[in-house]
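The residues making up each chain are set out below.
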Amino acid sequence: MLLRVALSLTHQSADANDLVQETMLKSWRSFDTFDGEYPRAWLLTIMRNAHRNSFRKAVPDPVDPVSVGTTVSEPTPQPSAESEAMLSEMDHCVVEGLNSLKPEVRELVILVDVDGLSYREAAATLGLAEGTVMSRLHRARAKIRKRVVADRKRAGSSQE
Amino acid sequence: MMGKLPKRFVLFGNSEMTSCIGAIKHLQAAIDGELEPELQARVVAHLEACLACGMQAETYREIKASILRANTSELDPAVVSDLERFARQIDTAT
């Protein structure tokens, strides 16, 4: 799971490998800070912090991201050419919808739908209230569904 | 007054199934398996009985499956075994 999330954060196998190693080391060293409640959320928080720090070091940000209320912009994940061929028309529509979301909302959707985190784990990982996780997920999926339904209407399908 | 009516006539759903409003409110949590079993069963019963809500739920399920498909890549076995070796090193070094 760590490697999958690392890949979605870095988009590069070598970087993802480094990030997972760093996460394992850091979690081992700070194991006494773990409260025993949500191990996956705890590990992912360490990973996200490590990733953010490496990003800061690599790219000096001209604008303080905190003051403008945004996180460092990350490249939009694109499916690889290989996986692209296997995706259906609906998958493309969903990927477009996913990419149209704000990075932090997209991250939440991926944590729940791809990495299989519970709402509580996702909330603990992202430092959000569980209610916020639910409402953001709902809004994000409704946006994607709108696209899918519009796409189906264009294609002349009677189904939803 | 509502309490005197038989349960199945309660406007906001009944003991067997939720109303449309209830089903849509809990739809995402139902799809994610986040509901208590009793509520989950009532939402599912509604989705099976109500065409409009059922179709909406089906689209959401397809979207969830699609997100998983589009974001799951095969992990490089070499990288995985590298990481496993690294984890054992940490374990033995301490």
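Note that this is a predicted model, so its numbers are computed, not measured.

### Some thoughts on the overall build of chain B
- Per the secondary structure count, chain B includes four helices and zero strands.
- Going from the N terminus to the C terminus, chain B shows its helices and strands as α-α-α-α.
- Per-residue burial for chain B yields a buried fraction of 20% across its 94 residues.
- A sequence separation of at least 24 residues applies to 48% of the contacts in chain B between residues at least 6 apart.

### Notes on the overall build of chain A
- Counting secondary structure elements, chain A contains eight helices and zero strands.
- Here chain A holds 160 residues, and 31% of them are scored as buried.
- Excluding contacts between residues fewer than 6 apart, the proportion of contacts in chain A whose partners are at least 24 apart in sequence is 55%.

### Topic: the packing of helix α1 (residues 20–31) of chain B against helix α2 (residues 37–49) of chain B
All names here are of chain B.
- Viewed as axis vectors pointing N to C, α1 and α2 meet at an angle of 115 degrees, and their least axial separation amounts to 10 Å. Of the possible angle classes, the one that applies to α1 and α2 is roughly perpendicular. By crossing handedness, the relation of α1 to α2 is classed as left-handed. In this structure, α1 contributes Ala-23, His-26 and Ala-30 to the contact, and α2 contributes Leu-39, Gln-40, Val-43, Val-44, His-46 and Leu-47.
- Looking at the contact of α1 with α2 residue by residue, the classes come out as six nonpolar, three polar and no charged.

### A few points about the nonpolar core
- In this structure, Met47(A), Val94(A), Leu108(A), Val109(A), Val112(A) and Ala122(A) are the most contacted members of the largest nonpolar core, which totals 45 residues.
- Among the elements that make up this core, the one with the highest residue count is helix α3 (residues 39–58) of chain A (seven residues).
- The residues contacting Val109(A), other than those within four sequence positions of it, are Leu98(A), Leu101(A), Leu137(A), Ala140(A) and Ile67(B).

### A closer look at the interface of chain A and chain B
- The interface is formed by 35 residues belonging to chain A together with 29 residues belonging to chain B.
- At eight residues, helix α8 (residues 130–154) of chain A tops the list of elements feeding residues into the side of chain A that touches chain B.
- Its residues placed into classes, the side of chain A that touches chain B shows 22 nonpolar, eight polar and five charged.

### Thoughts on the confidence of the model for chain A
Residue and element names in this part refer to chain A.
- In this model, chain A carries an average pLDDT of 77, and 72% of its residues clear a pLDDT of 70 or more.
- For chain A, the element scoring lowest by mean pLDDT is helix α4 (residues 81–85), at 51; α8 scores highest, at 94.
- Between residues 60–76, whose pLDDT stays under 50, and residues either more than four places distant or in other chains, the model counts 12 contacts.

### A word on helix α5 (residues 89–99) of chain A
- Where α5(A) is concerned, the buried positions are Met90(A), Asp91(A), Cys93(A), Val94(A), Val95(A), Gly97(A) and Leu98(A).
- Next to the buried residues of α5(A) lie α6 (103–113) and α8 of chain A together with α3 (51–71) of chain B.

### Some remarks on the environment of Val80(B)
- Along the polypeptide, Val80(B) turns up in helix α4 (residues 77–93).
- Judged by the 13 C-beta atoms lying within 10 Å of it, Val80(B) falls in the partly exposed class.
- Contact partners of Val80(B), with chain neighbours within four places excluded, come to Leu3(A) and Leu75(B).

### Examining the confidence of the model for chain B
Residues and elements named next belong to chain B.
- Averaged over every residue, the pLDDT of chain B is 81; the share at 70 or more is 82%.
- Ranking the elements of chain B by mean pLDDT puts α4 last with 75 and α1 first with 94.
- In this model, residues 1–11 is a region of pLDDT below 50 whose contacts with residues beyond four sequence positions or in other chains number five contacts.
- Predicted complex, confidence summary: ipTM 0.75, pTM 0.70.

### Concerning the packing of helix α7 (residues 119–126) of chain A against α8(A)
Residue and element names in this part refer to chain A.
- Two elements in contact, α7 and α8, have axes separated by 8 Å at closest approach and are oriented at 105 degrees. Between α7 and α8, the interaxial angle falls into the category roughly perpendicular. Taken together, the residues of α8 that come into contact with α7 (itself represented by Tyr-119, Arg-120, Ala-122 and Ala-123) are Glu-130, Val-133 and Met-134.

Calculation rules
- Residues numbered from 1 in each chain as written.
- Chains lettered and ligands numbered in written order.
- Predicted model: local features only at pLDDT ≥ 70, side-chain atom pairs only at ≥ 80, totals over all residues.
- Helix = DSSP H or I, 4+ residues; strand = E, 2+ residues; numbered from the N terminus.
- Buried ≥ 20, exposed ≤ 12 C-beta atoms within 10 Å, placed from the backbone.
- Contact = placed C-beta atoms within 7 Å.
- Axes fitted to C-alpha atoms, helices over the stretch in contact; angles between N-to-C directions.
- Parallel < 35°, antiparallel > 145°, perpendicular 65-115°, else oblique.
- Left-handed = near helix turned anticlockwise from the far one by under 90°.
- Nonpolar A, V, L, I, M, F, W, Y, C, P; charged D, E, K, R; others polar.
- Core = buried A, V, L, I, M, F, W, Y, C linked by C-beta atoms within 7 Å.
- pLDDT = per-residue confidence, 0-100.

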